Amino acid sequence: MSLSMRVGLGQFNELTDDMCQFIKQLGCDDFLMNTPNLPSDTGFWQVDDLAALKAKAEEYELRLMALENVPIPFYLDIMLGRDGRERQLENMVTTVRNMGQVGIPILGYHWIPASVWRTPEPEVLRGGAKATRFHEAEHGDAPLSFDREYAAEQMWDNYCWYLDRILPVAEQAGVRLALHPDDPPVPMLGGVARIFGNFEGFRRALDKYDSPNHGLDFCMGCWSEMGGHENVMKGFDYFVPHGKIIYIHFRDVKGTADRFHECFIDDGQVDTFAVVQRLHELGFDGFMIPDHVPATVGDSPWHHRGRAHCVGFMQALIQVADKLDPKAA
Amino acid sequence: MLVGTRISPEWLERPDDLRFLKQVGVDVVDITMSLIPGYAKTGRLSREGLERAIGLLAEADLRIERINSTGDATHCTFLGQTGSEQELDNLAHNAQMCADFDLPVLGVQCFQAASFGHFPESSHSWVEGRGGYRHLHSDLSEALEQRPAPAGSPTHEELWERTVKIFQTILPIAESGGVLLAMHGNDPPVPALYGAAQILYDFDSFDRLFREVDSPNMGMTYCVGTRYESGQDVFAGIQRFGAQGRIFHVHFRNVHGRIPVDGWYEERAPDEGDLSMFAVARALRDVGYERAIDYDHIMKLVGDDAGKAYIAFCVGHSKGILEGLQQS
């Protein structure tokens, strides 16, 4: 069955009955989980645990499209090129093979050992809603995240060491690896170079590891941080025709990589409708999910209301783009 | 166009609920007069009560777009009972209050047969939609059966006479005060329920109202839901009444099923009814409509006892449609 561009949900780590129902109620059939709460003391995810997630999804006629992010300790030594990476690689191979065996088609990953950074005090939005912000100047005296500095070329070397080994496994297992940008996409934080913070970085990675099983988890928020609407369009214009956009985080910010805050999806710097229209024209047939959403008063920790708002907005954009398509008229 | 929403009475006393609306992107609200302290007892809007409500909304950066008179405010008038004079006096007072406080749109209810007598409620049931969300299913087959009018129910012509009288009472105040009078029409949109007459259920009946009470301040709440349920062409109606400048408020909800065709209808989430809500918004834009679209009825999602996730979904959906509309 061929699918078209559509909205899903994600970024939770526990698959409850209520969550399955909520996804369906918002008109979605696709979801992903971020770092699911699965037993992880072995350093990899086991077939039975993955199969249970898949079975739960099927019970609700949902598609479990992706698992985004293994716990960082699963591959920290790999990212930093430290002793122990051989063992972690073996475990990652096991995880990828197990996902393939169970039929979970996408593994989202990132190359950010020092994690996502934000500046403590939130930005206050309309009506007093709160969103995260980042102001690099306020992190000038941040200590090293690890034992020493890790320069960009070393991070590239580590990345290549891993991809050389994991991508063939993913190909064999029928799993697609989807790379998420560095967030925030500044050159270095905590002494660790952030190599996926601009268009060239992604092109380099995808040219070198050019495979149907390798592409992007296109975080529109990060691409907006890197260069606003034009950068987002540039990314889609280049990577969609190459078949490299595996799925999309549909969020936005105001500002630039070194100083931005997150915002409501209808109030950012990206022309979201132009984006959806372009994706439609380019024939993007994957799914997109709300990612971070601002905190509205009284919302749940996972932001059910904020995500419902974003899903409604995204669905409307897709419906309008479909309706305006001269080919469909 | 603006995104509007109705608010529940208790929300006025819950600043967080109002802030929530602003946060998700609501611009204006639709309230019933019963929210205003003192109204329930006297049927009259007090200056202090209105000031307070407007102030509470302003704290959340919201304002009233439409204020609705309640059905009981015209009960005696529609039934031809004593007490009508007091009702009309109250209505005139309330219209003046709207003018004094610059409330743009005043909704006055027509006679709803369901408010008369004690009809069985078997026509309404809650059914489960996608993922088990509960929405209203209304089967009117029994309610629409031919039967004698219930004792004491007003006739068709009595209703016209009384409806016109109500509007003639408040029209001069509305005209001089710059208030727009909006008639919503019958819900459900049928000429009779269990034999009791209703008069505002189709395009021709709205036309008659606008002929009999002819003024630029006289118009309608174009309820997309009931217009569709009636079986008439929603888009033709927008063109017809939009061209006349009669659309002052829009209930922007989606429906599955039409009464004349199916005998039933279901109220649905905005993206899964029979209508393309984008096409509806575009038709409204094309006739120059610039006021509020209000997603109207609230349904509940799982774990969403307050209906807030559903509201957020609808507001997001409306904003997405308006975003696309700007570029089409």
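No experiment lies behind these values; they were computed from the predicted model shown.

What counts and how
- Residues numbered from 1 in each chain as written.
- Chains lettered and ligands numbered in written order.
- Predicted model: local features only at pLDDT ≥ 70, side-chain atom pairs only at ≥ 80, totals over all residues.
- Heavy atoms only, no water.
- Helix = DSSP H or I, 4+ residues; strand = E, 2+ residues; numbered from the N terminus.
- Rg over C-alpha atoms; globule rule 2.2 N^0.38 Å.
- Buried < 20%, exposed > 50% of the residue type's maximum accessible area, 1.4 Å probe, protein only.
- Contact = heavy atoms within 4.5 Å.
- Buried area = accessible area lost by both parts, 1.4 Å probe.
- Salt bridge = Lys/Arg side-chain N within 4 Å of Asp/Glu carboxyl O.
- Polar contact = N/O pair within 3.5 Å; in protein donor to acceptor, adjacent residues only side chain to side chain.
- Nonpolar A, V, L, I, M, F, W, Y, C, P; charged D, E, K, R; others polar.
- Pairing = 2+ DSSP bridges.
- Axes fitted to C-alpha atoms, helices over the stretch in contact; angles between N-to-C directions.
- 1 Å grid on protein atoms, 1.4 Å probe; cavity = no way out; pocket = protein on both sides within 12 Å on 5 of 7 lines; lining within 4 Å.
- Points joined across faces, edges and corners; volume = space filled by probe spheres on them.
- Core = buried A, V, L, I, M, F, W, Y, C linked by side-chain atoms within 4.5 Å.
- Phe/Tyr/Trp six-rings, centres within 6.5 Å; stacked < 30°, edge-to-face > 60°.
- Lys NZ or Arg CZ within 6 Å of the ring centre and 35° of its normal.

## Details of the overall build of chain B
Thinking step 1. Looking only at helices and strands, one finds 12 helices and 14 strands in chain B.
Thinking step 2. The C-alpha atoms of chain B give 19 Å as radius of gyration, which agrees with the globular expectation for 328 residues (20 Å, within 12%).
Thinking step 3. Here the C-alpha coordinates of chain B stretch approximately 50 × 45 × 40 Å along the principal axes.
Thinking step 4. For chain B, with 328 residues in total, the buried portion stands at 60%.

## Looking at the interface of chain A and chain B
Thinking step 1. Between chain A and chain B, the contact holds 33 residues from the first and 33 residues from the second.
Thinking step 2. Between chain A and chain B lies a buried interface of about 2800 Å² when both sides are counted; carbon and sulfur atoms form 64% of it.
Thinking step 3. The largest contributions to the chain A side of the interface with chain B come from Gln25, Val297 and Arg305 of chain A, which together make up 24% of the buried area.
Thinking step 4. Linking chain A with chain B are 0 salt bridges.
Thinking step 5. The tally of links between chain A and chain B comes to 12 residue pairs in polar contact (both at pLDDT 80 or more).
Thinking step 6. Mapped onto the side of chain A that touches chain B, the elements with two or more residues apiece are α1 (17-25), α8 (272-282) and α9 (304-324) of chain A.
Thinking step 7. When residues of the side of chain A that touches chain B are assigned to their parent elements, the largest contribution, 13 residues, is made by α9 of chain A.
Thinking step 8. Of the residues that constitute the side of chain A that touches chain B, the class distribution is 15 nonpolar, 11 polar and 7 charged.

## Some points on the pairing of strand β2 (residues 28-32) of chain B
Residues and elements named next belong to chain B.
Thinking step 1. In terms of burial, β2 is a largely internal element, 4 of the 5 residues being buried.
Thinking step 2. Two strands pair when backbone bridges link them, and strand β1 (residues 2-6) and β2 are joined in this way by 3 bridges, in the parallel orientation. In the strand pairing of β2, Gly4 is matched with Val28.
Thinking step 3. The sheet contact formed by β2 and strand β3 (residues 63-68) spans 5 bridges and is parallel. When the bridges of β3 are listed, Val29 appears paired with Ile64.

## A word on the sheet that holds strand β4 (residues 106-109) of chain A
All names here are of chain A.
Thinking step 1. Spatially, 8 strands are ordered β1-β2-β3-β4-β7-β10-β11-β14 in a closed barrel, and the strand pairing comes out parallel. Strand-to-strand twist across the sheet, computed as the mean angle between neighbouring axes with direction ignored, equals 30 degrees.
Thinking step 2. Sheet analysis places strand β10 (residues 214-219) next to strand β11 (residues 245-249), joined by 4 bridges and oriented parallel. Paired with Asp217 across the bridge in β11 is Tyr247.

## Section: the sheet that holds β1 of chain B
Residues and elements named next belong to chain B.
Thinking step 1. Strand order in this closed barrel of 8 strands is β1-β2-β3-β4-β7-β10-β11-β14, and the pairing throughout is parallel. The mean angle between the axes of side-by-side strands here comes to 30 degrees, regardless of whether they run parallel or antiparallel.
Thinking step 2. Sheet analysis places strand β10 (residues 218-223) next to strand β11 (residues 247-251), joined by 4 bridges and oriented parallel. Note that in β11 the partner of Thr221 across the bridge is His249.

## Focus: the pattern of salt bridges
Thinking step 1. In the structure shown here, the tally under the stated rule is 46 salt bridges over all chains.
Thinking step 2. What you see here is one network of salt bridges that share partners, running through Arg118, Asp183, Glu225, Arg251, Glu262 and Asp291 of chain A.

## Topic: empty space enclosed by the protein
Thinking step 1. Applying the stated criterion across every chain, the model contains 3 cavities of 30 Å³ or more.
Thinking step 2. What the largest cavity holds in volume is close to 80 Å³.
Thinking step 3. Together, Phe250, Arg251, Asp252, Cys263, Phe264, Ile265, His292, Val293, Pro294, Gly306, His309 and Cys310 of chain A line the largest cavity.
Thinking step 4. Taken together, Phe252, Arg253, Asn254, Glu267, Arg268, Pro270, Tyr295, His297, Met299, Tyr310 and Cys314 of chain B form the lining of the second largest cavity.
Thinking step 5. Listing elements by their share of the lining of the second largest cavity, those giving two or more residues are β13 (264-268) and α12 (308-326) of chain B.
Thinking step 6. Within the lining of the second largest cavity, the residues separate by chemical class into 6 nonpolar, 2 polar and 3 charged.

## With respect to the nonpolar core
Residue and element names in this part refer to chain A.
Thinking step 1. Grouped together as the largest cluster of nonpolar side chains are 218 residues, with contacts concentrated most on Trp111 and Tyr159.
Thinking step 2. Looking at this core, the element that brings in the most residues is helix α5 (residues 152-173), giving 12 residues.
Thinking step 3. Excluding anything up to four places from it in sequence, Tyr159 contacts Tyr109, Trp111, Leu179, Ile195, Phe196, Ala205, Tyr209 and His214.

## Observations regarding the packing of aromatic side chains
The geometry of an aromatic ring pair comes down to the distance between the two centres and the angle between the two planes.
All names here are of chain A.
Thinking step 1. Summed over the entire model, instances satisfying the criterion amount to 28 aromatic pairs over all chains.
Thinking step 2. For the pair Phe218 and Trp223, a centre-to-centre distance of 4.5 Å together with 15 degrees between the ring planes defines the contact as stacked. Trp223 shares its class with Phe218; the two are buried.
Thinking step 3. Aromatic pair Tyr247 and Phe287: ring centres 5.1 Å apart, planes at 10 degrees, arrangement stacked. One end of the pair, Tyr247, is in strand β11; the other, Phe287, is in strand β14 (residues 287-289), and 40 residues separate them in sequence.
Thinking step 4. Using a relative accessible area of 1% as the deciding quantity, one classes Phe287 as buried.
Thinking step 5. For Arg204, the ring lying beneath its charged end belongs to Trp156, and the centroid distance is 3.8 Å.
Thinking step 6. Here Lys234 stacks its cationic end above the ring of Phe199, 4.4 Å away from the centre of that ring.

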